[in-house]
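If you want the building blocks of each chain, they are given just below.
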Amino acid sequence: MKERNSPEGSDTELLSNGHHVIVLSDGTALGGNLGVSAALTPAQKWAFLATNIPYALVAAQIFAAPRIREDAIMQPLADGCASPLFHGAVVAGLCVVSTVWHAAQCQVASLLCGAAPFLPPVLKSLLVGDVLCSLMAVIVGLFCFRGRTAAWLALPFLSFLYARRCKRQSWFPRYAFWHSAWHCLSAFAIWNIVLWPVGL
């Protein structure tokens, strides 16, 4: 059947196993990350992207903090770990990279102006960038805040893992929901880790 939010000149097919694929006009089948764009409505795509906003809000609060209460793993790191500018930049970078990646994954440019879809090689590069940025943020957290990072990120990480399983199974709306939960829960965790309004 024709999918109204598919890239122009393409059809969306629902396979017998429930997996979505995009079939271009030349017969090329595109699954994987492009299936997210095929399976979500425009409203779902915008809602998914909006879950990156908490990162921006947390980054703004960190930038405004006078000093960060660090727990650096090594004393030479203490000054950097106490810097609001450093941690604010890390979270702001995470926000930008995540937003760009998911905008490409949801084919927002195609949605807005009918642009050609981002193809798998481009999407893979953006995904790698998003994963590396997330890993960097976790490493910074472990070096600067030690156990606080592990404690606060445990629950959000479960949401991330389940979302990853959903995407592998091509349960794309469910993937979008649980990955959105990852965005919101991890932003709340970062707020608690870096600003430490309560102990844990």
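Up top is the structure these notes are about.
Treat the numbers as computed from the prediction; the structure is a model and nothing was measured.

Here's the deal with the environment of alanine 187
- Topologically, alanine 187 is positioned in helix 9 (residues 172–195).
- Linking alanine 187 and proline 156, residues 31 residues apart in sequence, is a C-alpha distance of 9.1 Å.
- Contact partners of alanine 187, with chain neighbours within four places excluded, come to Pro54, Tyr55 and Val58.

Quick notes on the packing of helix 5 (residues 84–105) against helix 9
- Helix 9 packs onto helix 5 with a crossing angle of 175 degrees between their chain directions and a minimal axis gap of 12 Å. As judged from the angle between their axes, helix 5 and helix 9 are roughly antiparallel. Of the residues in helix 9, those in contact with His87, Val91, Leu94, Ser98, His102 and Gln105 of helix 5 are Tyr175, His179, His183, Ile190 and Val194.

Looking at the nonpolar core
- Tyr55, Ile62, Val91, Ile190, Ile193 and Val194 are the most contacted members of the largest nonpolar core, which has 23 residues in total.
- Elements that contribute at least two residues to this core include exactly helix 3 (53–64), helix 5, helix 7 (120–145), helix 8 (147–168) and helix 9.
- At six residues, helix 9 tops the list of elements feeding residues into this core.
- Isoleucine 62 has contacts with Ile68, Pro84, His87, Gly88, Val91, Ile190, Val194 and Leu195, leaving out every residue within four places of it along the chain.
- Within the second largest apolar cluster, twelve residues are counted, among which are Phe48, Leu49, Val108 and Ala163.

Description of the pattern of salt bridges
- Evaluated as defined, the whole model comprises one salt bridge.
- A salt bridge links arginine 146 to aspartate 71; its shortest N-O distance comes to 2.9 Å. In this pair, arginine 146 sits in the loop between helix 7 and helix 8 while aspartate 71 sits in the loop between helix 3 and helix 4 (78–81), placing the two residues 75 residues apart along the sequence.
- We classify aspartate 71 as partly exposed; its relative accessible area is 31%.

Regarding the side chain of histidine 102
- When you line up the elements, histidine 102 lands in helix 5.
- Here the side chain of histidine 102 touches histidine 179 through a polar contact of 3.3 Å, side chain to side chain.
- Setting aside anything within four residues of it in sequence, one finds histidine 102 in contact with Phe48, Leu49, Asn52, Tyr175, His179 and His183.

What counts and how
- Residues numbered from 1 in each chain as written.
- Predicted model: local features only at pLDDT ≥ 70, side-chain atom pairs only at ≥ 80, totals over all residues.
- Heavy atoms only, no water.
- Helix = DSSP H or I, 4+ residues; strand = E, 2+ residues; numbered from the N terminus.
- Contact = heavy atoms within 4.5 Å.
- Axes fitted to C-alpha atoms, helices over the stretch in contact; angles between N-to-C directions.
- Parallel < 35°, antiparallel > 145°, perpendicular 65-115°, else oblique.
- Core = buried A, V, L, I, M, F, W, Y, C linked by side-chain atoms within 4.5 Å.
- Buried < 20%, exposed > 50% of the residue type's maximum accessible area, 1.4 Å probe, protein only.
- Salt bridge = Lys/Arg side-chain N within 4 Å of Asp/Glu carboxyl O.
- Polar contact = N/O pair within 3.5 Å; in protein donor to acceptor, adjacent residues only side chain to side chain.

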